[in-house]
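# Observations on chain architecture
Listed below, chain by chain, are the residues.
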Amino acid sequence: MSNTADHQHHGRNESRPAFEGTPATALPLTASEDRQYATLAHFGGILGFIPSLLIYLIFKDRGPFTAQESKEALNFTLPPTILALVAWLLSLLPVIGGVFAVVNALIWVVIAIFSVSAGIQVNRGRPYRYALNLRPIR
């Protein structure tokens, strides 16, 4: 039994962890990976803001292109995703719900078209800026 385990069994806990090794540090993305994750952040907009949010949080410090493009995609997809969810909830109302169901569908179609267009441009290595983007996340 190790010395650390002996101390733990006697009610004492050392400040040293039971497993020692080198800390895990994420490597910077290669240029190809940087472009790939930036592209996925835009294509992920088809599913709403969650894919771009995850890519932004996980990879923003590993690749500058990914950081820039995932933030742009997140800023673009967040407001319409929230609007689509509100429209979906309102679509459950009797009588007028059908109107909100159509609005919800139109929002998703617009998000999908813009996300695919942006993803194609970013995959070619070109930064993309959505014309209508509030950019609340700086």
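Residues numbered from 1 in each chain as written. Predicted model: local features only at pLDDT ≥ 70, side-chain atom pairs only at ≥ 80, totals over all residues. Heavy atoms only, no water.

## Re the packing of helix α2 (residues 31–43) against helix α4 (residues 64–91)
Definition in use: Inter-axis angles, ranging from 0 to 180 degrees, are taken between N-to-C directions of lines fitted to C-alpha atoms, where helices are fitted over the stretch in contact. Secondary structure follows DSSP: runs of H or I at least 4 residues long count as helices, runs of E at least 2 residues long count as strands, and numbering of each begins at the N terminus. By the definition adopted for this analysis, an angle is roughly parallel if under 35 degrees, roughly antiparallel if over 145, roughly perpendicular if from 65 to 115, and oblique otherwise. Should any heavy atoms of two residues lie within 4.5 Å, those residues are considered in contact. Residues were grouped as follows: Ala, Val, Leu, Ile, Met, Phe, Trp, Tyr, Cys and Pro as nonpolar; Asp, Glu, Lys and Arg as charged; and all remaining residues, including Gly, as polar.
One can describe the packing of α2 onto α4 by two numbers: an axis separation of 8 Å at closest approach and a directional angle of 5°. Classed by the angle they form, the pair α2 and α4 counts as roughly parallel. Here Glu33, Asp34, Arg35, Tyr37, Ala38, Ala41 and His42 of α2 lie close against α4, whose contacting residues are Pro64, Phe65, Thr66, Glu69, Ser70, Glu72 and Ala73. Partitioning the contact of α2 with α4 into residue classes produces six nonpolar, three polar and five charged.

## A look at α2
For clarity, the cut-off: To estimate how far a helix should reach, multiply one less than its number of residues by 1.5 Å. Each residue's exposure class comes from its accessible area (1.4 Å probe, protein chains only) as a fraction of the maximum for that residue type: buried when under 20%, exposed when over 50%, partly exposed otherwise. For this quantity, the arc is that covered by the directions from the helix axis to the C-beta atoms.
Between its first and last C-alpha, α2 extends 18 Å over 13 residues, near the 18 Å set by a 1.5 Å rise per residue. Considered for burial, the residues of α2 that qualify are Asp34, Ala38, Thr39, Ala41 and His42. All buried residues of α2 fall inside an arc of 155° around its axis, so they share one side.

## Comments concerning the pattern of salt bridges
Inclusion rule: Any Lys or Arg side-chain nitrogen found within 4 Å of a carboxyl oxygen on Asp or Glu counts as a salt bridge.
Under the counting rule described, the total for this entry stands at three salt bridges. Ionic pairing is found between glutamate 72 and arginine 135, a salt bridge with its closest N-O pair at 2.8 Å. Residue glutamate 72 is found in helix α4, and its partner arginine 135 is found in the segment after α5 (97–123); the two are separated by 63 residues along the sequence. The buried category is assigned to glutamate 72, whose relative accessible area is 5%. Under the relative-accessibility criterion, arginine 135 is labelled partly exposed at 25%. Overlapping salt bridges, with partners in common, bring together Glu69, Glu72, Arg129 and Arg135 in one network.

## Observations concerning unusual backbone geometry
Unusually for a residue other than glycine, valine 95 sits at a positive phi of about 70°. Structurally, valine 95 can be placed in the loop between α4 and α5. Relative accessible area serves as the criterion here: at 85%, valine 95 is assigned to the exposed category. Located in the positive-phi region is arginine 135, a residue other than glycine, with phi close to 50°.

## Examining the nonpolar core
When a protein is soluble and globular, its nonpolar side chains tend to lie buried together. The criterion, for reference: To define a nonpolar core, start from buried Ala, Val, Leu, Ile, Met, Phe, Trp, Tyr and Cys residues and group those joined through side-chain atoms within 4.5 Å.
The biggest cluster of nonpolar side chains holds seven residues, and these are Ala38, Phe65, Phe76, Ala118, Val122, Tyr128 and Tyr130. Every element with two or more residues in this core is listed here: α4 and α5. The residues touching valine 122, leaving out its near neighbours within four places in the chain, are Arg35, Ala38, Thr39, His42, Phe65, Glu69 and Tyr128.

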